[in-house]
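Each chain, letter by letter, is given below.
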Amino acid sequence: RAREASAGYGGRTIIENLTLDIPRNARVAVMGPNGSGKSTLIKLLLGQLEPLSGQVHRARDLIVSYMPQLPENLCGTPFDIAEAEGLRTDYFLMLLRKLDFPREAFERDVSGYSLGQRKKVLLAASMARPAHLYVWDEPLNYMDLESREQIEDMLYETDATLLFIVHDARFVEKIATARIRLLGASDTNG
């Protein structure tokens, strides 16, 4: 929950007077042009960025599963990642298989994967973490059309609370139960 929260960097305000609630079981799409503050909003809500003014409240024992935009710093096999992240290996690998991940890739180091495969690893790892809130920054980047449709199908059937940044209007239309639209600096409507 945010109440009249503002955020920014280096004396520059990027988000002003934001008031919102993210209810349980909502799938909230954060939309807007590049530079409009989508990633800043995520950082603000996750507590990675303190508000310049206003308040942000998170449930006391809130467990968040966050997936970053870029699949950086991944190394080891999926088995290694499951162990390091404390994931149920069988569930994590099943999610990868649902994303058409080849079984033989489970034995290879993810640093040699394509960007799309690494993004699938991040997505499956996030989905495999039990959490109250899933926060995904551009989950569809580097994904082929078939994988996007599989993700849509998996999300459509869930009651998980999800906050996600995405530019795909079709995905938003099918998955989102609510939308946050941030306006860019060039927008004159505030």
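For the structure, see preceding data.
Analysis parameters
- Residues numbered from 1 in each chain as written.
- Predicted model: local features only at pLDDT ≥ 70, side-chain atom pairs only at ≥ 80, totals over all residues.
- Heavy atoms only, no water.
- Phe/Tyr/Trp six-rings, centres within 6.5 Å; stacked < 30°, edge-to-face > 60°.
- Buried < 20%, exposed > 50% of the residue type's maximum accessible area, 1.4 Å probe, protein only.
- Pairing = 2+ DSSP bridges.
- Helix = DSSP H or I, 4+ residues; strand = E, 2+ residues; numbered from the N terminus.
- Axes fitted to C-alpha atoms, helices over the stretch in contact; angles between N-to-C directions.
- Parallel < 35°, antiparallel > 145°, perpendicular 65-115°, else oblique.
- Left-handed = near helix turned anticlockwise from the far one by under 90°.
- Contact = heavy atoms within 4.5 Å.
- Core = buried A, V, L, I, M, F, W, Y, C linked by side-chain atoms within 4.5 Å.
- Right-handed = clockwise from strand over helix to strand, strands pointing away.

A. Inspection of the packing of aromatic side chains at higher detail. On inspection of all chains with the given rule, the structure shows four aromatic pairs. Look at F101 and F106: their rings are 6.1 Å apart centre to centre, the planes differ by 10 degrees, and that puts the pair in the stacked class. Exposure remark for F101: the relative accessible area of 1% places this residue in the buried category. Both rings, one in F164 and one in F171, keep their centres 5.6 Å apart while their planes meet at 85 degrees; by these two values the pair is edge-to-face.

B. Structural view of the sheet that holds strand β1 (residues 2–9). If you walk across this open sheet you meet the three strands as β2-β1-β4, and the pairing is antiparallel. What marks the edges here is a single partner per strand, and that holds for β2 (12–20) and β4 (53–56). Within this sheet the neighbouring strands show an average axis-to-axis angle of 40 degrees, counted without direction. As paired elements, β1 and β4 share three bridges and run antiparallel to each other. Considered in β4, the bridge of S6 is made with S53.

C. The arrangement of the packing of helix α2 (residues 78–85) against helix α3 (residues 89–98) in detail. At a minimum axis distance of 9 Å, the contact between α2 and α3 shows a crossing angle of 130 degrees. On the basis of their axis angle, the class for α2 and α3 is oblique. Of the two elements, α2 crosses α3, and the hand of that crossing is right-handed. Contacts from P78, F79, I81 and A82 of α2 reach α3 at T89, F92, L93 and L96.

D. Local environment of the sheet that holds strand β8 (residues 178–181). Spatially, five strands are ordered β5-β6-β7-β3-β8 in an open sheet, and the strand pairing comes out parallel. Pairing within the sheet leaves two strands with one partner each, and these edge strands are β5 (64–67) and β8. Between one strand axis and the next, the sheet turns through 15 degrees on average, direction left out of account. Pairing of strand β6 (residues 133–137) with strand β7 (residues 161–165) involves five bridges; the strand directions are parallel. Its bridge partner lying in β7, D137 is registered against I165. Lying on the sheet, helix α1 (residues 38–46) is in contact with β3 (27–31), β5, β6, β7 and β8; it crosses β7 at an angle near 145 degrees. Most of the contacts of helix α4 (residues 115–128) go to β6, to which it runs at about 165 degrees, and overall it touches β5 and β6.

E. Representation of the nonpolar core within the structure. In terms of nonpolar packing, the biggest core is built from 38 residues, with F92, V121, W136 and F164 touching the most fellow members. If you list the elements that add at least two residues to this core, you get β3, α2, α3, α4, β6, α5 (145–156), β7 and α6 (169–175). The element best represented in this core is α4, accounting for seven residues. Filtering out sequence-adjacent residues up to four positions away, F92 remains in contact with P78, I81, A82, L87, V121, A124, A125 and A128.

F. Geometry of unusual backbone geometry. Phi at N73 takes a positive value of approximately 60 degrees, unusual for a residue other than glycine. Structurally, N73 is set in the loop between β5 and α2. Within the chain, D100 stands out as a residue other than glycine whose phi angle is a positive 60 degrees. Looking at where D100 falls in the secondary structure, it is placed in the loop between α3 and α4.

G. Structural detail: the pairing of β6. In terms of residue burial, β6 counts as a mostly covered element, since five of its five residues are buried. Residues of β6 alternate between two faces, with L133, V135 and D137 on one and Y134 and W136 on the opposite face, all of them buried. Strand direction decides the pairing type here: β5 and β6, joined by four bridges, are parallel. Looking at the pairing, M67 lines up with W136 of β6. Each parallel crossover has a hand, and the one from β6 via α5 to β7 is right-handed.

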